[in-house]
Structures are given as C-alpha cells and as structure tokens.
Amino acid sequence: MQENYLPYIELLTLSFSLTIISTLLYRFIALKLGIHAEPNNRSSHNKTIATGGGIIISFIFLWSTIYFLFYIEKVPPEIFQLAVGIAMGAFAITIVGFIDDILDTKAITKLFIQIMLGIWIIFIFLDNIQSILNILDGSLHWPFIFLIIFLLVWLINVFNFMDAIDGMALSGTILIAIGAACLILYGHEGISVNSMLFLLLAIICLAFLLFNYPPASIFMGDAGSLFLGYIFCCMIIKTIFDGDLSIWTWIVLLGHFLTETTLTTLLRIKLTRKWYKAHRAMAYQNLARIYNSHKKVTNYSIFHYFIWLYPIAWLTTISGNFAFLLAFISLLPSAYVTYNYGPLYSNE
C-alpha cells in the first residue's frame, strides 16, 4: 500500500510558514523591548541586531514534533514519553539561553546547567546506555559516564561556538539535518520518525535562515544555538541506538563544526593562559575579516558539505570496516583551514 505523504508535507509547510511569521513578529517586539546585540570588540557585526530569535526555532520545533508524533504518526506510549523527556530538556536549555541573551549570565552558571542537562540526557536514554555498561568492566562504568557527560556538554557548546557570523551555524544545522534525513531515508522504505524529525528541524531553520543569512536582520542567540546542540545530542544517541546512523557517519556530518571548535580550543590552550575566555579566533571568523564578507565564508562552508562531507557520509554507510578511516579523512580539510587561519593566524 502506497504511503500517504500529504500529512508530512502539510506539517512541513505549516512549520515553515509559522516560523517566518513568528520571526517577523519576534524581531519587531525584540527591537521595541531592547532585546538586541550591540557591536563590541568580540562581535563580527557593526550594527544593533535583534537577538534571542532561537526561541522561535525551539518552540516551533517542539510543537511540530509533538503534533507529528501524537496526531500523525501515533507512536507507541514509550516513544512519546521519550519525546516528552527530550522536549523538557530542550525547553529548559532554550529558556536558559534566552535569559543569557537578555541578561548575559555567568559562564559557570551556564556550564552547571549544561552538565545537569547532560545528566538528564543520560537519564532519558538510560536503558540504551545500560546495554553498553553491561559490556564494560564495573570499574569503567563511572569513567564512561563522565566521558559521555563531557562529550554531551561539548557538543551542546559546539553550535554556540559556530554562531559568530551570519548564517554559519544555521546553514550548517540545515545541511547536517538534511544529510541525516536523506541517509536515514536511504536505508528505509518511506518516512521514519527520525528522518521526519530532521526534516522538521531543517525546514524550521531554513525559514529562520531567511532572516539570518548575510546580512542578518536577527540572531538566534544562545536560545537557538544551545537548543540545537542539545537536540543533536539527543538525536545522535537515538539514531545510533535505532541503527539508523553510525557514530562514524555522525562524525562526518558534524566534521566541520567538531574539527574547527575542538582544534581551535586545543590551539588556544597552547597559546594563551586564558583560553576559556570569549574570543573571535575561530578560522571562520578570521576568514570573514580577511574577505570582509560573512556571505563568502558561509557559502564556502555550504560548498564544503556538498562536495566533501556529503559524499563521504554516504560512503560510511556502505563501507563497513573502512568507515573509521573515511571519518578521519573527512576532517582533514577543516583541520587544515583551522590550523592555518585559526588562533595561529589571529588569537584575538
């Protein structure tokens, strides 16, 4: 029996339209209320721009997801409960990020909340993680859990670190989500829950990108970037345990973001004592100043996905034992650019 795709198309269209309308309304209100980013010595913009718009991305995605799972897909109670658990954490980190966009909260406070959310993610997926713990020696259980929390907190922040020029974080998010959706669809007959969730995330971010693409008229702020990092943490774990995507495929899809943020941090640890302080020494930030253009750098990043990361990500799904090697190779261009144009080029 042929699957009816109309409900999926209608929901995607509705989510896209709601995001555009809500973003226009939010931008107007934010500027009236003074919720905006002012230019400073660390910013890559030179005018006042509304910020915190990521709250729109978060809330519409959460609404769309619940509607999809409950009314369209009619998933079993255990799946819906999992979704509610993920949504609770997503709501929490969105509010934390939005407050930071307005009040600029202390870094230690944000870090503590992120660690708590990392623990919450482990709690949500405890049954899956328990299967790994059963394999490990008892003495390795706590080190493994601490490692997971560290990686989750790092990934939550990765999207925040990549959100310093117009369109960079959102365009990457869209391409990562579309890549994941297509690879999942490639391995399934029809639309699965995971592929639809990625399509929803991509279409909502695409609608917001219309206002965030260079020159941006609104920023998503921490409300958006921290939410995206959290959602990808959850979806990576879910798709791996569901057997939809491997860890090597995810490393490729996230290759640009992971490589640039991680290598930049390692280089800054070597170069400066206060490596943890806010900076604009990322390679993409330096390149934006070199070219005097956010658009060129964002477009180069988009191009990188299509000609390099997408083909390799697909190869990891069919390469078996060579997936690890392919994942390593996929990181090399980003590592080269970061090494040459990151903190070693300018460590401001």
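**Some remarks on the pattern of salt bridges**
Phase 1 of the analysis: Under the defined criterion, the tally for this structure stands at three salt bridges.
Phase 2 of the analysis: The shortest N-O distance in the salt bridge between D100 and K110 comes to 3.1 Å. Here D100 is found in helix 3 (residues 77–103), whereas its partner K110 is found in helix 4 (residues 107–124), with ten residues between them in sequence.
Phase 3 of the analysis: In this structure, K238 engages D242 in a salt bridge whose closest nitrogen and oxygen atoms are separated by 2.8 Å.
Phase 4 of the analysis: Each of D100, K110 and D222 takes part in one network of salt bridges that share partners.

**Here's the deal with the packing of helix 4 against helix 9 (residues 221–241)**
Phase 1 of the analysis: It is the contact of helix 4 with helix 9, at a shortest axis distance of 11 Å, that shows an interaxial angle of 25°. For the element pair helix 4 / helix 9, the angle class is roughly parallel. With respect to the hand of their crossing, helix 4 and helix 9 are arranged in right-handed fashion. Residues K110, Q114, L117, W120, I121 and I124 of helix 4 touch helix 9, and the partners they reach there are D222, L226, Y230, C233, C234 and I237.
Phase 2 of the analysis: Of the residues assigned to the contact of helix 4 with helix 9, the class counts are nine nonpolar, one polar and two charged.

**Looking at the packing of aromatic side chains**
Phase 1 of the analysis: Going through the model one piece at a time under the given rule, you end up with 24 aromatic pairs.
Phase 2 of the analysis: Arranged with centres 5.6 Å apart and planes meeting at 25°, the rings of W63 and Y67 form a pair that is stacked. Of this pair, W63 and Y67 are both found in helix 2 (residues 54–72), four residues apart, which corresponds to roughly one turn of the helix.
Phase 3 of the analysis: Ring geometry for W275 against Y276: centres 5.8 Å apart, planes inclined by 85°, an arrangement best described as edge-to-face.

**Examining helix 14 (residues 323–341)**
Phase 1 of the analysis: With 19 residues, helix 14 extends 28 Å between its outermost C-alpha atoms, agreeing within 8% with the 27 Å of an ideal straight helix rising 1.5 Å per residue.
Phase 2 of the analysis: At L332, helix 14 shows its maximal bend, which comes to roughly 30°, and the proline P333 appears one to four places after that position.
Phase 3 of the analysis: Within helix 14, burial applies to A323, L326, A327, S330, S334 and T338.
Phase 4 of the analysis: Buried residues along helix 14 sit in contact with helix 10 (247–253), helix 11 (255–271), helix 12 (283–291) and helix 13 (294–316).

Here is what the cut-offs are and how they apply
Residues numbered from 1 in each chain as written. Predicted model: local features only at pLDDT ≥ 70, side-chain atom pairs only at ≥ 80, totals over all residues. Heavy atoms only, no water. Salt bridge = Lys/Arg side-chain N within 4 Å of Asp/Glu carboxyl O. Helix = DSSP H or I, 4+ residues; strand = E, 2+ residues; numbered from the N terminus. Axes fitted to C-alpha atoms, helices over the stretch in contact; angles between N-to-C directions. Parallel < 35°, antiparallel > 145°, perpendicular 65-115°, else oblique. Left-handed = near helix turned anticlockwise from the far one by under 90°. Contact = heavy atoms within 4.5 Å. Nonpolar A, V, L, I, M, F, W, Y, C, P; charged D, E, K, R; others polar. Phe/Tyr/Trp six-rings, centres within 6.5 Å; stacked < 30°, edge-to-face > 60°. Expected span 1.5 Å × (residues − 1). Bend = angle between axes of the 7 residues up to and from the residue. Buried < 20%, exposed > 50% of the residue type's maximum accessible area, 1.4 Å probe, protein only.

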